[in-house]
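Summary of the model geometry
Here is what each chain is made of, one letter per residue.
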Amino acid sequence: RFICMHSIKQKEYLLWKRKLLSDSGLRVRYDEFWNTTNPHTGKRGLMCRLESCVDPFLTDLRSLMYPKLGGFKSGVLDDLEAIHLAVIFMDDGTKCVNKNCRTTVNWVPTRVECTPYVSAFRFCLQSHGVEGAKQFIGWLDSKFGIHARISMIKGSPVVEIGRRVDKEKFVETVRPFMHETIMYKLEGSFSTTIVRRDRLSEKAPVQSG
C-alpha cells in the first residue's frame, strides 16, 4: 500500500501527486486529519494524506526504490528521468543557505558575514546508505551531467550539489517539473557579497571580534 503525508500547507502538491498516480492507474484516496500533539510546541497540525489500495506491484516497487543499505539493483536508476529527480527533491531535498563566506583577512583565512546565498542543494537519502548515495551521485553525473558529493551528518550520508555550475544545471533540470508551492526550495542567489560593517550606518549592529 502506498501512503504519503504532507502538512496541509502542501495540499496542492499532494493533490498534484494524486493526479499523477491516478493517471497511471493506481487507485488512491485523499483525506485530511489532525496529527498528534507536537512535544516541542504543544500544538497539533492539520495533515493531508494519500492512501492507495493494496497491490502486490507496490511491494515489488518498494524493494527496488528502497534497497536500504545494500544499494540499488543494477539499472533501477537508469529508468528515472528529470521529473523523478524533481519529485525526489521536493520530498527529500532542501536548499542549504549560508550567511558566512570564506575569505582572507590580514593574510589569515577566516569566515565573515555575507549576504545569504544557496551554498548547496541537499538530498536526504540516509536510508539508502553510503552505497545507495554513491549510486545516486553516479546517476546524477551520467544522466544530467551534475556533479555531487557525499557529506556525513550524524554518521549518515546525504548527497549535496555544491559547485555553482552544478547548482545552476540542477535548477535548470528540475524547474519545469517542480510544483509551484515547492518552488521556494530553488529560490535564492548563488552569489556572495561580503557585508562591510564599517560602511554601514552607526545604527547597524556591530560585528563581534
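Residues numbered from 1 in each chain as written. Predicted model: local features only at pLDDT ≥ 70, side-chain atom pairs only at ≥ 80, totals over all residues. Heavy atoms only, no water.

**Re the layout of surface pockets**
Over the atoms rolls a probe the size of a water molecule, and its path tells where empty space is left. Taken as a whole, the largest pocket encloses approximately 1400 Å³ of empty space. What lines the largest pocket is a set of 34 residues, among which Phe 2, Leu 21, Leu 61, Met 65 and Val 87 lie closest to the centre. Secondary-structure elements contributing two or more residues to the lining of the largest pocket are strand S1 (3-7), helix H1 (11-23), helix H2 (56-65) and helix H3 (82-92). The leading source of residues in the lining of the largest pocket is H2, at 7 residues. Split by residue class, the lining of the largest pocket holds 22 nonpolar, 5 polar and 7 charged. (1 Å grid on protein atoms, 1.4 Å probe; cavity = no way out; pocket = protein on both sides within 12 Å on 5 of 7 lines; lining within 4 Å. Points joined across faces, edges and corners; volume = space filled by probe spheres on them. Helix = DSSP H or I, 4+ residues; strand = E, 2+ residues; numbered from the N terminus. Nonpolar A, V, L, I, M, F, W, Y, C, P; charged D, E, K, R; others polar.)

**Observations concerning the packing of aromatic side chains**
Per the stated rule, a full pass over the model turns up 10 aromatic pairs. Aromatic pair Phe 123 and Phe 170: ring centres 5.8 Å apart, planes at 85°, arrangement edge-to-face. With Phe 123 in strand S5 (residues 108-123) and Phe 170 in helix H5 (residues 164-174), this residue pair connects regions lying 47 residues apart in the sequence. Note on Phe 123: relative accessible area 0%, which makes it buried. Residue Phe 170 is classed as buried on the basis of its relative accessible area, which comes to 0%. Aromatic ring contacts, followed pair by pair, group Phe 89, Phe 121, Phe 123, Phe 136, Trp 139, Phe 144, Phe 170 and Phe 190 into a single cluster. Arg 49 extends its terminal NZ or CZ atom over the ring of Phe 33, reaching a point 4.2 Å from the ring centre. Lying across the ring of Phe 89, Lys 185 places its NZ or CZ 5.8 Å from the centre. (Phe/Tyr/Trp six-rings, centres within 6.5 Å; stacked < 30°, edge-to-face > 60°. Buried < 20%, exposed > 50% of the residue type's maximum accessible area, 1.4 Å probe, protein only. Lys NZ or Arg CZ within 6 Å of the ring centre and 35° of its normal.)

**Observations regarding the packing of H1 against H3**
At a closest axis distance of 13 Å, the pairing of H1 and H3 adopts a crossing angle of 145°. For the pair H1 and H3, the sense of crossing is left-handed. For the pair H1 and H3, the contacting residues are Tyr 13, Trp 16 and Lys 17 in the first and Val 87, Met 90 and Asp 91 in the second. The class makeup of the residues in the contact of H1 with H3 is 4 nonpolar, no polar and 2 charged. (Axes fitted to C-alpha atoms, helices over the stretch in contact; angles between N-to-C directions. Left-handed = near helix turned anticlockwise from the far one by under 90°. Contact = heavy atoms within 4.5 Å.)

**Overview of unusual backbone geometry**
A positive phi angle, close to 55°, is found at Lys 154, a residue other than glycine. Looking at where Lys 154 falls in the secondary structure, it is placed in the loop between strand S6 (149-153) and strand S7 (156-161). A residue is classified by how much of its surface remains accessible, and Lys 154, at 85% relative accessible area, is exposed.

Honestly, that's just the spatial picture; any functional story needs more than this.
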